[in-house]
Amino acid sequence: MGMIELEGHRYLDGHESDPRKIGWMLGAPPSADKRITFEGGKFREFPQIRWSFSHMRELMPTVTVWRGQGMPSLFDRRDMSAEIDALTFVDASGQTRRFGDALLDTYTDGIVVLHRGRIVYERYLGALEPHMPHECQSCTKSYTGTLAALLTDEGVVDQSKLVSHYLPELKDTAWEDATLRQVMDMQVGLAFDEGYADDQSDISRYRWAFGRLPRPTGYDGPGTSCDYLRTIRKGSAHGEFVYQSLNTQVIAWIMMRVTGQSFAQLLQERLWAPLGCEEDGYLEIDPGGMPLAEGGLGATLRDFARFGELMRRQGEWHGKQLIPASFVRDVQSGCGPAETGTGYSYRSQWWVSHDELGSFQARGIHGQRLYVAPNAEMVVAIFASHPLALDGGDPITVPQLLALGRVLRA
């Protein structure tokens, strides 16, 4: 049986963990050992995630992000599959790999490559199919940050105002004296541990409150995401970058409060319908009906790519300016490569790479990625179900996409 070692642990490789090969949820009914359900929380563990990330609506409460009544905006195509599959590159460990083979090594569920707005490469693996939505995880944050910037441009919200101006409920919390701008750039000092490997960490407790994981026996904590946010206290002075997902929930809460619209409505009216998305999306919701705006979006791969192409085109879509070009330029500029301590900058819920392709990205745990490379006129949308939550596949994927961009730029 094919195995791979990652950070000292052994996992089924990309071929052996294929949900179709394992047989998850096949049968009438599926046998007990092939069944994936919400109870017990195993649906968020590897290798079960290779199936569940493409079937989350069968496991959790969700709300639809409607594509609207218009015709979809179909992509032109120029097939470069053979050329791209054969492309070789050197990964971070010095190993030479072929592009197509590396997709299995990074547990890719689907990938679409756009060059100058045309699909030049598209592949689906694992449980994913073109019409099926997949978990975007924290790539959701980039949608949230973009909507907030749009409302700022329209004067609906003011990024210089304190969070407590919009949400009196968050007085006496860490956000009381934080500005919306600080929240958008993850520069709020929260007493919060986002350790995904620890099932007793604060992020796990947040997932219990949201209903993203089954609650332990005897649980008597917060019953909704808003209840949980009210418990968070200040851990340090504001102004330094610390990646903490709760900030994005606060952004969405503010937008919903000010506009009187749900987050799903905002996505539908401002992005999904105007972009001519092919399929509906969805948002996971908590017991109080609040969306998981920091990680609960589901979209098809092509619709995910549409959002990236909108950003590459400086917010213009078929003659209409859907988001301000000034916002895209602000994201691209970042605030200097040392801002996050990783070589990246973080601006308005986007990661800025400062690489030769001028790329910026939406990134999510387990390998989700929307890679916008203006200098190569390229957008790459990737869904994955990597065993590792953080940096899943990065040592391979980062040089892989850089090599692809160099070829398309030539």
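That block above? That's the structure.
Residues numbered from 1 in each chain as written. Predicted model: local features only at pLDDT ≥ 70, side-chain atom pairs only at ≥ 80, totals over all residues. Heavy atoms only, no water.

**Observations concerning the overall build of the protein chain**
And then number 1: Within the protein chain, the regular secondary structure consists of 14 helices and 17 strands.
And then number 2: Against the compact-globule benchmark of 22 Å for 410 residues, the protein chain has a radius of gyration of 20 Å, which places it among compact chains.
And then number 3: Taken along its principal axes, the extent of the C-alpha atoms in the protein chain is 55 × 50 × 45 Å.
And then number 4: Going through the 410 residues of the protein chain one by one, you find that 59% of them count as buried.
And then number 5: Summed over its atoms, the accessible surface of the protein chain is roughly 16,000 Å², and 49% of this surface lies on carbon and sulfur atoms.
And then number 6: Of the charged side chains in the protein chain, 41 are positive and 53 negative; the average position of the first set lies 3 Å away from that of the second. (Helix = DSSP H or I, 4+ residues; strand = E, 2+ residues; numbered from the N terminus. Rg over C-alpha atoms; globule rule 2.2 N^0.38 Å. Buried < 20%, exposed > 50% of the residue type's maximum accessible area, 1.4 Å probe, protein only. Areas by Shrake-Rupley, 256 points an atom, 1.4 Å probe, with all protein chains shown as cover. Lys, Arg positive; Asp, Glu negative; His and termini not counted. Charge placed at Lys NZ, Arg CZ, Asp CG, Glu CD.)

**Here we look at the environment of aspartate 185**
And then number 1: Structurally, the position occupied by aspartate 185 is in the loop between helix 7 (180–184) and helix 8 (202–210).
And then number 2: Since its relative accessible area comes to 3%, aspartate 185 is described here as buried.
And then number 3: Put simply, aspartate 185 and arginine 10 are 175 residues apart on the chain and 36 Å apart in space, counted from C-alpha to C-alpha.
And then number 4: Ignoring any residue separated from it by four or fewer positions in sequence, one finds aspartate 185 in contact with Phe241, Tyr346, Arg347 and Ser348.
And then number 5: Within the local environment of aspartate 185, its side chain forms a polar contact with the side chain of arginine 347, the two groups lying 2.7 Å apart. (Contact = heavy atoms within 4.5 Å. Polar contact = N/O pair within 3.5 Å; in protein donor to acceptor, adjacent residues only side chain to side chain.)

**Description of the side chain of arginine 44**
And then number 1: Position of arginine 44 among the secondary structure elements: in the loop between helix 1 (19–22) and helix 2 (49–52).
And then number 2: Here the side chain of arginine 44 touches arginine 212 through a polar contact of 3.2 Å, landing on its backbone oxygen.
And then number 3: If we skip the residues at most four places from it in the chain, arginine 44 touches Ile49, Met56, Met60, Glu135, Gln137, Arg212, Leu213 and Glu284.

**Here's the deal with the nonpolar core**
And then number 1: Within the largest apolar cluster, 98 residues are counted, with the highest numbers of intra-cluster contacts made by Trp175, Leu246, Val250, Phe263, Leu267, Phe304 and Trp350.
And then number 2: Among the elements that make up this core, the one with the highest residue count is helix 10 (residues 246–259) (eight residues).
And then number 3: Aside from chain neighbours lying at most four places away, what touches leucine 246 is Trp175, Leu190, Phe192, Tyr206, Tyr228, Leu229 and Ile232.
And then number 4: Membership of the second largest hydrophobic core comes to 24 residues, among which are Met80, Val113, Leu357 and Ala376. (Core = buried A, V, L, I, M, F, W, Y, C linked by side-chain atoms within 4.5 Å.)

**Here we look at the side chain of serine 164**
And then number 1: Examined against the element boundaries, serine 164 turns out to sit in helix 6 (residues 163–166).
And then number 2: Only 2.8 Å separates the side chain of serine 164 from the backbone oxygen of glutamate 176, close enough to count as a polar contact.
And then number 3: Those residues in contact with serine 164 that sit more than four places away from it in its chain are Lys171, Trp175 and Glu176.

**Let's talk about the sheet that holds strand 14 (residues 350–352)**
And then number 1: As summarised here, the arrangement of the seven strands in space is 7-6-17-16-15-14-13, forming an open sheet in which the pairing is antiparallel. Unpaired on one side and paired on the other, strand 7 (118–124) and strand 13 (345–347) mark the two borders of the sheet. This sheet shows a mean twist of 20° between the axes of neighbouring strands, independent of strand direction.
And then number 2: Note that strand 13 and strand 14 share three bridges and pair antiparallel. The partner of serine 345 across the bridge, within strand 14, is valine 352.
And then number 3: Where helix 14 (residues 394–409) meets the sheet, it contacts strand 6 (108–115), strand 15 (360–364), strand 16 (368–373) and strand 17 (378–384), and its direction lies at approximately 155° from that of strand 17. (Pairing = 2+ DSSP bridges. Axes fitted to C-alpha atoms, helices over the stretch in contact; angles between N-to-C directions.)

**Quick word on the packing of aromatic side chains**
And then number 1: Within the structure shown, the criterion is met by 19 aromatic pairs.
And then number 2: Arranged with centres 5.4 Å apart and planes meeting at 90°, the rings of phenylalanine 46 and tyrosine 107 form a pair that is edge-to-face. With phenylalanine 46 in the loop between helix 1 and helix 2 and tyrosine 107 in the loop between helix 4 (99–105) and strand 6, this residue pair connects regions lying 61 residues apart in the sequence. Of the two residues examined, phenylalanine 46 and tyrosine 107, each falls in the buried class.
And then number 3: Ring centres 5.5 Å apart and planes at 45° place the aromatic pair phenylalanine 307 and tryptophan 350 in the tilted group. On the criterion of sequence distance, the pair formed by phenylalanine 307 in helix 12 (residues 301–312) and tryptophan 350 in strand 14 is long-range, its members being 43 residues apart. (Phe/Tyr/Trp six-rings, centres within 6.5 Å; stacked < 30°, edge-to-face > 60°.)

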